[in-house]
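If you want the building blocks of each chain, they are given just below.
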Amino acid sequence: MDEATSAHSPHQAIDRRIRHAMRILENEQTPLPTSAEVAERVGLSVFHFVRLFAAQVGWTPQDYGRSLIMMHAASRIRYSTDPIKVVARDFGYAKQATFNRAFTQHHGVAPVRWRAQAQAVISPVSGDGVRLETVPALRCFARRYLGPRELTGAQWADFVPRLPPDLRDRPRIGFAYDDPRVTPPGRIRHDCAVVVGDGLDLPEEMAEDGFEVLVSPAGLWAVVDVGRREIANGYRAVLDGWFQRRPDYALEGDPHLERYGKASGGEDVVSVSLRVRPVEEDGSWNMPVVVPVTRV
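What counts, and where the lines are drawn
- Residues numbered from 1 in each chain as written.
- Predicted model: local features only at pLDDT ≥ 70, side-chain atom pairs only at ≥ 80, totals over all residues.
- Heavy atoms only, no water.
- Helix = DSSP H or I, 4+ residues; strand = E, 2+ residues; numbered from the N terminus.
- Rg over C-alpha atoms; globule rule 2.2 N^0.38 Å.
- Buried < 20%, exposed > 50% of the residue type's maximum accessible area, 1.4 Å probe, protein only.
- Contact = heavy atoms within 4.5 Å.
- Areas by Shrake-Rupley, 256 points an atom, 1.4 Å probe, with all protein chains shown as cover.
- Lys, Arg positive; Asp, Glu negative; His and termini not counted.
- Charge placed at Lys NZ, Arg CZ, Asp CG, Glu CD.
- Arc of directions from axis to C-beta.
- Axes fitted to C-alpha atoms, helices over the stretch in contact; angles between N-to-C directions.
- Parallel < 35°, antiparallel > 145°, perpendicular 65-115°, else oblique.
- Nonpolar A, V, L, I, M, F, W, Y, C, P; charged D, E, K, R; others polar.

Visitor: Outline the overall build of the chain, listing residues and values.
Guide: Of regular secondary structure, the chain possesses 10 helices and nine strands. For 296 residues, the compact-globule estimate of 2.2 N^0.38 gives 19 Å, and the chain sits close to it at 19 Å. With respect to the three principal axes, the spread of C-alpha positions in the chain is 55 × 50 × 35 Å. A buried classification covers 53% of the 296 residues belonging to the chain. Considering only contacts within the chain whose residues lie at least 6 apart along the sequence, 76% involve residues at least 24 apart. Surface summary for the chain: the accessible area is close to 13,500 Å², and the carbon and sulfur share equals 53%. Here the chain carries 37 positive and 38 negative side-chain charges, and the mean point of each set is 3 Å from the other.

So, in structure tokens, the structure goes:
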């Protein structure tokens, strides 16, 4: 199957067992669980699990897990100065040579060359307006979508009418996981979500329609407010502007949050938020893979 496409309809509900499997593979990467281990945890035979996963996600479970490792590794190489051997070790590769081959096979270029090319194309951005903000954990009802970032508006247009009327005015958040410069368009993950807080159980009919409960990680976030059509510029302001001037902070990994709201003047605004932490004294980078959560 072509890497830029998925066999799954962009708005069709993903089977809840496959959604569970995706979360397992997204959050447990060192070591990566085998297809047999994941199949057992989601209650399917290995044969049926692999076929259903491939039909709905567009690649096999193991290819999906390995691709996530390579995409996270690419982001870390781009936005850190860690030696390649350290990156390889932290992503489960005992030998740098093995990591180099896997990275080159996935991205078409060796890790060292990737870093040089990535740094060369970073355009100067001011990063003005970026602030540090402590954000609490947010419990949400969310629905997973796959597809290019250009379809985000269509994904929200599909998501909102699926909500019960009493939830449609709740704060909305988008959970973003992938860098469009690294991930094929058809494989980009985006969770549309509404904040529901504690005490509200997910109705079974919503679960059947592809909804699940997600809780965003609490912590320190680099945040910038942008217009709804300027979300990409928000990421550039943080990653290519503020972050380049703040070596005292490291990215904490996905998900990134896109919190929708209103500015003081009443205009629509999106708070693009990336989780960060102060760099440890030894300069080491920590980029765990966490369950995605978004607030709109």
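Visitor: Just give me the short version of helix H2 (residues 35-42), but keep the residues and values in it.
Guide: The set of residues buried in H2 consists of Ser35, Val38, Ala39 and Val42. Buried residues of H2 fall within an arc of 100 degrees about the axis and therefore sit on the same side. In this structure, the buried side of H2 is in contact with helix H1 (16-27), helix H3 (46-57) and helix H4 (61-79).

Visitor: Quick one: what's the story with the packing of H4 against helix H6 (residues 96-107), residue by residue and with numbers?
Guide: Their axes nearest at 10 Å, the elements H4 and H6 cross at an angle of 100 degrees. With respect to their mutual orientation, H4 and H6 come out roughly perpendicular. Contacts between H4 and H6 involve Ser67, Met70, Met71, Ala73, Ala74 and Ile77 from the first element and Phe99, Ala102, Phe103, His106 and His107 from the second. Taken together, the residues of the contact of H4 with H6 sort by class into eight nonpolar, three polar and no charged.

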